[in-house]
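Observations on the model geometry
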Amino acid sequence: MIEIEKRWQERWHKSKIFEAEPEGKKYFVTFPYPYVNCPPHIGHTYSAVRVDMVARFKRMQGYNSLFPQGWHMTGEPLMGAAKRIAAKDKEQFKIFKVAGVPDSVIPSFSDPETMARYFIGEWEKQFHKAGFAIDWRRTFFTTSLNPCYSAFVRWQFLRLRGMGLIGKGLHPVVYCPSCDSPTGSHDRLQGENATILKYTVIKFRCGEMIVPAATLRPETTYGVTNMWVNPDTEYVKARLGGETWLLSEDAFTKLKDQDYALARAGKVKGAKLVGNVCTNPVNGDEAPILPASFVKPENGTGIVMSVPSHAPYDHAALVDLKKRLDYIHLIDTPNFPQHPAVGVCEEMGIRSQDDPKLEKATNTVYRNEFHKGVMNERCGKFAGRRVSGTKEEIMNYFGNRDWAAVLYDTSEPVVCRCKTPNHVKMIRNQWFIKYSDRKWKSRALRCLSKMKIYPEEARQWFENSINNMIDKACARKSGLGTPLPWDNNWIVEPLSDSTIYMAYYIIAKYINAGLVGENNLTDEFFDHVLLDREVDVERTGLPKSMLDRIKKEFDYFYPVDLRGSGKDLVPHHLCFFIYNHVALFPEDKWPRAISVNGWVRNEGQKMSKSLGNFLPLSDVLEKFGADAFRVSILDTAEGLDDPDFRSENAMAFLRKVKRILAATDSVKDMKSYKKRTMDRWLLAMVQERIRYTTEFLEQLMNRQALQHAFHGMLGDITKYLSKIDKPDRKTMEYAMETFAKLLVPFAPHLAEEIHSKFHKTLVHNAKWPKVVKRYVDESVVVGENYLDNVAKDINHITKIIGKKPKSVKIVVASGWKYKLVSAVKSHLDRGTPFNAVMKEIMKDMRFRRKETAGVVQSLLKDPSKVPEHLLSANQEFALLNDLVFRAKVMVEHEEKSKEPKARNAMPGKPAIVVVT
RNA sequence: GCGGGGGUGCCGGAGUGGUCAAACGGGCUAGGUUGAGGGCCUAGUGGCUUAGUGCCUGCGCGUGUUCGAGUCACGUCCCCCGCACCA
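These numbers were taken from a predicted model, which means no experiment stands behind them.

1. Some thoughts on the packing of aromatic side chains
With the rule as written, the count across this model stands at 53 aromatic pairs. Ring geometry for Phe152 and Tyr504: centres 5.3 Å apart, planes at 45 degrees, overall tilted. Of this pair, Phe152 sits in helix α6 (residues 147-162) while Tyr504 sits in helix α15 (residues 504-512); the two residues are 352 residues apart in sequence, bridging distant segments of the chain. Take Tyr504: its relative accessible area is 1%, and that puts it in the buried class. Every member of this aromatic cluster is reached through a ring pair, and the members are Tyr33, Phe140, Tyr149, Phe152, Trp155, Tyr501, Tyr504, Tyr505, Phe525 and Phe526. Its end group placed over the ring of Tyr63, Lys25 keeps NZ or CZ at 4.4 Å from the ring centre. Lying over the aromatic face of Trp12, Arg56 brings its terminal NZ or CZ to 4.9 Å of the ring centre.

Given below as structure tokens:
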């Protein structure tokens with residue numbers, strides 16, 4: 001099969017069938033350019049297969065399909081890996097080795113560009129082998145290493161800024177003090193899933209000192225009974241303006257990086273603080289400082305306020321100290337005791353403050369109080385309010401009165417790959433794209449509402465994502481990329497330089513052909529070509545005819561008709577894609593459809609770094625070929641579900657290919673006959689397959705489409721060949737040719753191979769099959785089904801008897817039963833309530849027989865006994881006379897039959913008597 | 001926590017109020033088949049029963065709506081994914 005595939009790929013390449021030029025009606029599909037820091041694995045390519053499937057389908061439907069492909073290298077990972085190679089990091093060597101990079105090549109990866117180019121080569125090679133319908137003249141890669149693309153990004157950002165959609169401000173990030181840069185989740189040794197939490201720091205007073213306590217539950221400040229410090233921790237006294245703050249060493253560093261102008265002014269051991277009394281700023285209550293081991297200096301400020309009524313840790317610590325304080329009850333929650341923390345601790349059997357169950361206890365209390373709790377009269381102006389929805393207000397209220405400050409911290413400890421513990425840092429002067437802009441947002445939503453989303457279930461997700469969109473930091477200081485046009489210290493961040501690049505594919509063709517160069521790509525060029533603005537095109541240095549040509553091509557191919565990707569890109573990239581299009585382009589250039597899909601699994605397992613089970617695309621293509629890979633994954637899922645690649649499925653496909661090709665070859669030896677029932681049956685089935693395949697493909701339901709186009713067609717053809725001694729050449733030719741066409745979107749190489757046995761042309765250039773009305777024949781399909789069922793019943797009986805039958809007698813039901821069943825059926829089809837059907841039937845004079853009630857009752861009890869398509873007694877009789885069985889078959893009518901069993905006969909279910 | 005998607009056979013999964021719960025694929029079992037490299041065909045694959053058209057069980061758990069529920073409602077448990085500057 002692999003040789004076959006190679007042959008067709010060469011032929012496609014030679015006939016340039018995937019090179020789309022502006023002509024006719026178009027269909028523009030894109031698959032997000034992948035990040036090229038490793039060779040492709042099967043997970044990368046499922047979306048591409050789906051997009052490719054659509055491109056091919058549309059092409060045969062008469063559209064001029066364009067499927068281009070570029071490569072992404074903006075960001076940190078490439079640079080990071082290069083640095084690690086330069087530093088001879090063994091881990092990194094191993095990663096590349098496992099990915100299949102030859103040992104001799106790896107050291108050259110200390111240069112990120114070399115690495116990227118190597119991997120781009122790998123990707124292109126594999127994509128060629130996969131036979132994708134890509135127009136390779138339009139390929140490119142990102143970052144300043146490609147000045148042409150950088151010019152495009154620069155233009156985009158100047159435009160956005162010109163529209164006031166770029167802003168500047170403070171921004172909290174997880175930060176590594178040793179690397180002096182933000183730590184992305186992939187750069188973390190620990191805490192990959194950590195998020196940034198906003199704490200309220202309550203400023204308790206203790207004489208001249210501020211004793212700050214960080215909390216996520218500011219509402220509980222009203223219930224503080226005491227303060228906790230860790231007696232073994234050395235605390236820092238820090239000057240802040242006119243105040244002196246008491247902080248753990250970690251907290252000192254954190255706050256400094258969060259824009260607090262702190263100055264070191266002394267130290268004090270936690271134990272020394274015990275016994276002092278603080279004042280609660282919100283209500284003036286006194287709170288003595290007590291020691292507790294659960295207080296971790298690296299969390300929050302290193303000082304904790306104690307709310308024993310609502311915080312299990314605090315209660316447990318007090319119990320440990322054998323200290324009795326008056327607990328303050330603040331929040332009423334249904335089904336909770338007065339002091340929920342006490343109740344939960346007792347219920348869970350928590351004995352000390354070091355009990356790991358406390359984490360869960362805290363969670364339980366918090367969850368319930370947050371959602372169901374109402375604050376009581378102790379909570380000042382917030383009395384009577386629910387906890388949920390009030391938190392933000394409380395924080396602001398406290399902040400405004402200088403009772404509290406803000407501290408950002410990670411939800412779990414984060415350690416950088418350089419092994420340094422990280423914390424949250426406030427970045428000053430961070431550049432933002434203002435995705436929260438209300439007007440912009442509503443335009444994005446309007447675009448969404450006009451788009452097709454495949455599958456529809458994902459629409460809600462898009463809508464929520466856009467609704468919740470906040471400003472996005474769009475630049476960073478390290479990594480590869482395009483510099484911000486107005487501030488070269490910053491590089492446009494990877495998700496932000498990848499939002500409208502589909503337009504660049506049009507231009508890339510001209511750049512790759514050497515017709516347009518870096519110097520021509522001025523802002524005027526893009527303004528003119530992409531936005532149709534009146535600008536001084538002289539400055540592009542290009543002849544008007546060339547500009548017109550490019551512009552015409554852009555106007556022809558744009559907008560994007562379909563963008564297909566994995567579901568992981570919904571909340572950012574795909575939304576940014578919509579956002580940037582609606583900001584920059586007029587409405588007729590807004591994208592038309594997005595499709596999202598699941599992630600490929602490998603032999604039933606999710607592929608992950610930890611499992612190390614990424615299956616390289618090259619392995620699969622080498623072992624099974626492109627079609628087997630495509631069919632295997634397209635066959636296991638659609639919509640948002642995860643497909644599963646299993647080699648046994650790929651093998652099963654290859655086995656079938658053999659059979660199919662053999663059947664194809666056999667057609668030339670067949671003779672023509674007058675059409676028989678089975679001929680008409682096959683022709684009719686093919687029409688159904690065409691209809692369903694087309695319908696499902698239109699909805700991008702690859703699995704169901706494939707079921708008809710491949711499994712269905714194959715099953716029908718197999719059945720035809722097995723049931724007919726002398727297959728008809730014309731019928732088979734038609735079936736095989738149609739089969740080939742229907743297979744193009746799924747198994748394009750196999751499709752060509754089949755097609756080539758009948759034609760010299762490419763099947764890719766054939767028209768998508770349409771239903772041929774004169775072949776549609778419901779009755780022959782129903783009849784065949786009927787015979788199948790009868791045959792099954794006979795089999796069942798002979799199996800039970802356990803003897804070989806000498807002959808079989810089949811009795812078709814009496815005529816009155818047909819009338820009766822037909823009447824019942826029409827009642828049911830009309831939706832007559834079940835209990836009314838019996839009455840109606842019994843009223844009907846035609847059915848005055850003693851058996852009627854029993855028959856109707858059994859039909860109503862199990863409506864599945866009513867056949868979907870009711871044949872007449874004579875039709876059944878005629879069909880049964882054609883029944884082929886390994887013993888002699890006799891058919892008779894119930895009216896004339898002497899068999900006692902004959903009375904069991906029902907329409908669609910004849911009585912069967914097996915004679916042994 | 002918020003948001004999205006789910007829980008059906010040995011497995012992947014069809015099935016969105018009534019024609020078959022398990023289509024289609026894979027696996028497994030049995031029988032047949034000169035059958036060249038991980039073959040083909042046929043039948044079977046919840047339980048019981050029986051010369052088939054029967055009965056029971058069954059779609060995470062519970063309750064309800066209905067003549068009828070995997071399918072609708074309410075409650076509950078569990079799983080997966082995203083939550084942002086990270087590809």
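Now that the structure is up, let's keep going.
2. Brief notes about unusual backbone geometry
Residue Tyr454 is joined to Pro455 through a cis peptide bond whose omega torsion reads -10 degrees. Among the structural elements, Pro455 can be located in the loop between β20 (452-454) and α14 (459-467). Residue Pro559 is bonded to the preceding Tyr558 through a cis peptide linkage, with omega at 5 degrees. One non-glycine residue, Asp532, adopts positive backbone phi at about 60 degrees. As for its placement among the helices and strands, Asp532 is situated in the loop between α16 (523-531) and α17 (544-557). On the accessibility criterion, Asp532 (52% relative accessible area) is exposed. Notably, Leu700 is not glycine yet its phi reads approximately 60 degrees, a positive angle. Structurally, Leu700 can be placed in the loop between α22 (677-698) and α23 (702-723). Taking relative accessible area as the criterion, Leu700 reaches 6% and is therefore assigned buried.

3. Some words on the pattern of salt bridges
As enumerated under the stated definition, the model contains 48 salt bridges in all. A salt bridge links Asp527 to Arg159; the nearest nitrogen and oxygen atoms lie 3.1 Å apart. Of this pair, Asp527 sits in helix α16 while Arg159 sits in helix α6, placing them 368 residues apart in sequence. Neither residue differs from the other here; Asp527 and Arg159 are each classed as buried. One salt bridge connects Arg729 with Glu733, and the closest N-O pair in it is separated by 3.1 Å. You can see Arg729 and its partner Glu733 sitting in helix α24 (residues 729-743), four residues apart, about one turn around the helix. On the accessibility criterion, Glu733 (21% relative accessible area) is partly exposed. Each of Glu19, Glu21, Asp135, Arg137, Arg138, Lys509 and Glu553 takes part in a single network of salt bridges with overlapping partners.

4. Notes on the side chain of Asn64
Of note, Asn64 is situated in strand β2 (residues 64-66). With a relative accessible area of 15%, Asn64 lands in the buried category. A polar contact is formed between the side chain of Asn64 and the backbone oxygen of Glu21, at a distance of 2.7 Å. A polar side-chain atom of Asn64 sits 3.3 Å from the main-chain carbonyl oxygen of Glu23. Setting aside residues up to four positions removed in sequence, Asn64 forms contacts with Ala20, Glu21, Pro22, Glu23, Lys25, Lys26, Tyr27, Tyr556 and Phe557.

5. A closer look at the packing of helix α13 (residues 438-450) against α14
At their nearest, the axes of α13 and α14 sit 10 Å apart, and the two run at 170 degrees to each other. For the element pair α13 / α14, the angle class is roughly antiparallel. Contacts from Lys441, Ala444, Leu445, Leu448 and Ser449 of α13 reach α14 at Arg459, Phe462, Glu463, Ile466 and Asn467. Split into classes, the residues belonging to the contact of α13 with α14 amount to five nonpolar, two polar and three charged.

6. Brief notes about the side chain of Arg563
Looking at where Arg563 falls in the secondary structure, it is placed in strand β25 (residues 562-566). There is a polar contact of 2.7 Å between the side chain of Arg563 and the side chain of Tyr501.

7. Structural notes on helix α10 (residues 340-347)
Because an α-helix completes one turn every 3.6 residues, residues spaced three or four positions apart along the sequence face the same direction. When you tally the buried positions in α10, you get six out of eight residues, the bulk of the element. Restricting attention to buried positions, one finds in α10 the residues Pro340, Ala341, Val342, Gly343, Val344 and Cys345. The positive-phi residue at the C-terminal boundary of α10 is Gly349, with phi of around 65 degrees.

8. Re the sheet that holds strand β23 (residues 483-484)
The antiparallel open sheet is built from three strands, whose spatial order is β22-β24-β23. Both outer strands of the open sheet, β22 (475-476) and β23, are each paired with one neighbouring strand and no more. Both β22 and strand β24 (residues 487-492) contribute to a ladder of two bridges, which runs antiparallel. Residue pairing in the sheet places Arg476 in a bridge with Ile491 of β24.

9. Description of the layout of surface pockets
Which parts of space are left empty comes out when a probe the size of a water molecule is rolled across the atoms. Computed from the structure, the second largest pocket encloses a volume of approximately 1,500 Å³. What lines the second largest pocket is a set of 44 residues, among which Tyr199, Leu216, Asn299, Gly300 and Glu359 lie closest to the centre. Mapped onto the lining of the second largest pocket, the elements with two or more residues apiece are β7 (209-215), α7 (249-257), β14 (303-306), α9 (312-321), α11 (357-372) and β17 (404-410). With four residues, α11 is the single largest residue contributor to the lining of the second largest pocket. Of the residues that constitute the lining of the second largest pocket, the class distribution is 18 nonpolar, 15 polar and eleven charged.

10. As for the state of the cysteines
One pass over the full model with this rule turns up zero disulfides. Take Cys206: it sits in no disulfide, and the sulfur closest to it among the cysteines is that of Cys278, at 4.4 Å.

11. Things to note about the sheet that holds strand β30 (residues 807-812)
Within the open sheet, the three strands sit side by side as β31-β30-β32. Their pairing is mixed. Each edge of the sheet is formed by a strand with only one pairing partner; in this case those strands are β31 (888-893) and β32 (911-915). Pairwise comparison of adjacent strand axes, ignoring direction, gives a mean angle of 20 degrees for this sheet. Relative to β31, β30 runs parallel, the two being bridged by six bridges. Opposite Ile810, over in β31, you have Val891 as the bridge partner. Contacts from helix α30 (residues 873-881) reach β30 and β31, with the element oriented near 170 degrees to β31.

Definitions and cut-offs
Residues numbered from 1 in each chain as written. Chains lettered and ligands numbered in written order. Predicted model: local features only at pLDDT ≥ 70, side-chain atom pairs only at ≥ 80, totals over all residues. Heavy atoms only, no water. Phe/Tyr/Trp six-rings, centres within 6.5 Å; stacked < 30°, edge-to-face > 60°. Helix = DSSP H or I, 4+ residues; strand = E, 2+ residues; numbered from the N terminus. Buried < 20%, exposed > 50% of the residue type's maximum accessible area, 1.4 Å probe, protein only. Lys NZ or Arg CZ within 6 Å of the ring centre and 35° of its normal. Salt bridge = Lys/Arg side-chain N within 4 Å of Asp/Glu carboxyl O. Polar contact = N/O pair within 3.5 Å; in protein donor to acceptor, adjacent residues only side chain to side chain. Contact = heavy atoms within 4.5 Å. Axes fitted to C-alpha atoms, helices over the stretch in contact; angles between N-to-C directions. Parallel < 35°, antiparallel > 145°, perpendicular 65-115°, else oblique. Nonpolar A, V, L, I, M, F, W, Y, C, P; charged D, E, K, R; others polar. Pairing = 2+ DSSP bridges. 1 Å grid on protein atoms, 1.4 Å probe; cavity = no way out; pocket = protein on both sides within 12 Å on 5 of 7 lines; lining within 4 Å. Points joined across faces, edges and corners; volume = space filled by probe spheres on them. Disulfide = S-S within 2.5 Å.

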